[in-house]
Amino acid sequence: RTPNVMTTDFLITIEIDGVTSVRARTVKQSQELKNPRTLAKFEIERQYWVRRGIDWKIITEKQIDEALVFNTEYVHNCRTLDGFAYVTPEMVKQIIVMLKANDSDRVSSLAALTASIDFELGFAGGTSLFVFKHLVANRIIKVDMTIPIRTGKPIGYEIALTTLKTEDARYA
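As the structure is a computational prediction, the values presented were derived from the model and not from experiment. (Residues numbered from 1 in each chain as written. Predicted model: local features only at pLDDT ≥ 70, side-chain atom pairs only at ≥ 80, totals over all residues. Heavy atoms only, no water.)

**Considerations on the environment of Asn102**
Then, number 1: If you trace the backbone, Asn102 turns up in the loop between helix H3 (89–101) and helix H4 (110–121).
Then, number 2: Between the alpha carbons of Asn102 and Lys62 there is a distance of 37 Å; along the sequence they are 40 residues apart.
Then, number 3: Sequence-distant contacts of Asn102, defined by excluding residues within four places in its chain, comprise Leu113 and Tyr157. (Helix = DSSP H or I, 4+ residues; strand = E, 2+ residues; numbered from the N terminus. Contact = heavy atoms within 4.5 Å.)

**Notes on the pattern of salt bridges**
Then, number 1: What the rule picks out here adds up to four salt bridges.
Then, number 2: The partner of Asp55 in a salt bridge is Arg25, with the nearest N and O atoms 2.8 Å apart. In this pair, Asp55 sits in strand S3 (residues 55–59) while Arg25 sits in strand S2 (residues 19–27), placing the two residues 30 residues apart along the sequence.
Then, number 3: A salt bridge links Glu32 to Lys28; the shortest N-O distance between them is 3.7 Å.
Then, number 4: Given the relative accessible area of 34%, Glu32 is considered partly exposed.
Then, number 5: On the basis of relative accessible area, Lys28 is assigned to the partly exposed category, the value being 27%.
Then, number 6: Beyond isolated ion pairs, a larger network of salt bridges with shared partners links Arg25, Asp55 and Lys57. (Salt bridge = Lys/Arg side-chain N within 4 Å of Asp/Glu carboxyl O. Buried < 20%, exposed > 50% of the residue type's maximum accessible area, 1.4 Å probe, protein only.)

**Structural notes on helix H5 (residues 127–137)**
Then, number 1: The buried count for H5 comes to eleven of eleven residues, which makes it a mostly enclosed element.
Then, number 2: The set of residues buried in H5 consists of Thr127, Ser128, Leu129, Phe130, Val131, Phe132, Lys133, His134, Leu135, Val136 and Ala137.
Then, number 3: The inward-facing, buried residues of H5 contact helix H2 (66–76), H3, H4 and strand S4 (141–142).
Then, number 4: Looking one or two residues beyond H5, the residue adopting positive phi is Arg139, at roughly 60 degrees.

Here's what the structure looks like:
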């Protein structure tokens, strides 16, 4: 008899107020929760994590925030500067300075704001928008990820340079 291999989709490490905890999450379509075999497997999985003192839950499509998924996909390809050799750390620093100077602007659309930065700094169109997305993807710029990022609309953001990772210190 071959043993069944069971997996958990996500093992997440979270730090809240200096306390680190681990959470296990399994993702399934809500329709699959009607299957008794699936539920039996989930019970085995649940018991496994309970014995280890780890919070375990099932996530379905009903609990996934569509805006969060949209925004994550929108910024993900900008996480690194790889493939964008024309964008230097010095350019990123200049854009950060301009974004800091405009972080209270809740009237201009993201497209208008970044286009004006490109114009003022003499950068190719789209450079500041790419860098904005890069900084969001790396959590240097904080935005409410539950509100869809629309370039044609204003966006509230905060530049959190204190969250820079050591390898991102080149932007500080």
